[in-house]
Amino acid sequence: NAYFGNYDPKAFIMVLKPDVVNEIPAEYTASFRRAVALNKITLTNVAEDITSVEITVPEGKYLAGRRYVDLTTAKFGEIYENGGRTNTIKVNSDFAITDNSIDVWFTSWGVEIASGEQLTIKMVSETSTYTRTITARAEGINFVEGDMNLLTVNMENAEKESLVLYFEGDVKPMILSARVNK
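Residues numbered from 1 in each chain as written. Predicted model: local features only at pLDDT ≥ 70, side-chain atom pairs only at ≥ 80, totals over all residues. Heavy atoms only, no water.

This part covers the overall build of the chain. Scanning the chain from terminus to terminus reveals 0 helices and 15 strands. The buried share of the chain, taken over its 182 residues, is 33%. Taking all contacts inside the chain whose residues are at least 6 apart in sequence as the whole, residues at least 24 apart take part in 65%. Surface accessibility of the chain: about 11,900 Å² in total, with carbon and sulfur atoms responsible for 47%. (Helix = DSSP H or I, 4+ residues; strand = E, 2+ residues; numbered from the N terminus. Buried < 20%, exposed > 50% of the residue type's maximum accessible area, 1.4 Å probe, protein only. Contact = heavy atoms within 4.5 Å. Areas by Shrake-Rupley, 256 points an atom, 1.4 Å probe, with all protein chains shown as cover.)

The structure is reproduced here in structure tokens:
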């Protein structure tokens with residue numbers, strides 16, 4: 001797993017930086033750059049074990065999907081429409097709670113969430129979901145390609161939806177939900 005200051009080869013997509021050589025050298029040192037944003041969102045005031053977290057950015061912005069890269073310039077094109085592009089990433093894990101907080105690591109394409117636009121975080125536990133939508137301040141929220149991006153979100157006032165099992169005779173359990181606002 002990724003953590004601050006380490007390199008996790010599973011967390012990066014690397015692209016060779018273009019270089020011009022006039023003759024084939026005996027030795028060559030290649031340079032690479034990270035092609036994706038490495039993101040860490042710390043969720044605070046987490047009260048129970050979490051099994052998954054969904055991060056959703058505004059419509060028309062894409063955290064994931066297929067793109068073309070021009071290998072002569074190392075520049076990426078737009079995320080194309082039929083390439084599975086999505087504005088939501090789901091991270092499944094047994095998140096370790098430390099001091100009522102969890103760290104959610106994920107990679108994405110670069111996304112700029114402008115001032116006034118919203119980012120939604122949805123945490124899922126065995127019995128509940130917690131949803132918190134935050135509005136970007138003047139500087140926005142940015143997941144910058146090639147950088148490690150850090151964000152902290154307080155989940156204390158998240159909207160809670162409890163999942164309740166309901167048994168009726170020999171019928172399989174049905175999941176019912178009820179919203180609870182703090």
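It is worth spelling out the packing of aromatic side chains at this point. Going through the model one piece at a time under the given rule, you end up with 2 aromatic pairs. Between Phe106 and Phe143 the ring centres are 5.7 Å apart and the planes differ by 75°, which places this aromatic pair in the edge-to-face class. Placement of the pair is Phe106 in strand β8 (residues 102-108) and Phe143 in strand β12 (residues 141-143), with a sequence separation of 37 residues. Phe143 sits in the buried class, given a relative accessible area of 2%. The cationic tip of Arg67 hangs over the ring face of Trp109; the distance from NZ or CZ to the ring centre is 4.6 Å. (Phe/Tyr/Trp six-rings, centres within 6.5 Å; stacked < 30°, edge-to-face > 60°. Lys NZ or Arg CZ within 6 Å of the ring centre and 35° of its normal.)

What follows covers the nonpolar core. The biggest cluster of nonpolar side chains holds 29 residues, and the ones touching the most others in it are Leu43, Val53, Ile55 and Phe143. When near neighbours in sequence (up to four residues on either side) are disregarded, Phe143 contacts Ala37, Asn39, Ile41, Val57, Leu63, Phe106, Ser108, Trp109, Gly110, Val111, Ile113 and Asn149. By size, the runner-up hydrophobic cluster in this structure holds 7 residues, among which are Val15, Ala35, Phe76 and Trp109. (Core = buried A, V, L, I, M, F, W, Y, C linked by side-chain atoms within 4.5 Å.)

Reading across the sheet, the 3 strands line up as β8-β3-β13 and stay open at both edges, with mixed pairing between neighbours. Because the sheet does not close on itself, it has two edges, and the strands there are β8 and β13 (148-154). Strand after strand, the sheet turns through a mean of 20° between neighbouring axes, direction not considered. Relative to β8, strand β3 (residues 37-44) runs antiparallel, the two sharing 7 bridges. By the bridge assignment for β8, Leu43 is matched with Ile102. (Pairing = 2+ DSSP bridges. Axes fitted to C-alpha atoms, helices over the stretch in contact; angles between N-to-C directions.)

Next up on the list: the pattern of salt bridges. Scanning the model with the defined rule gives 3 salt bridges in all. Here Lys40 and Asp103 are joined by a salt bridge, their closest N and O atoms 3.9 Å apart. Placement of the pair is Lys40 in strand β3 and Asp103 in strand β8, with a sequence separation of 63 residues. The closest approach of N and O atoms between Glu117 and Lys61, which form a salt bridge, is 3.4 Å. (Salt bridge = Lys/Arg side-chain N within 4 Å of Asp/Glu carboxyl O.)

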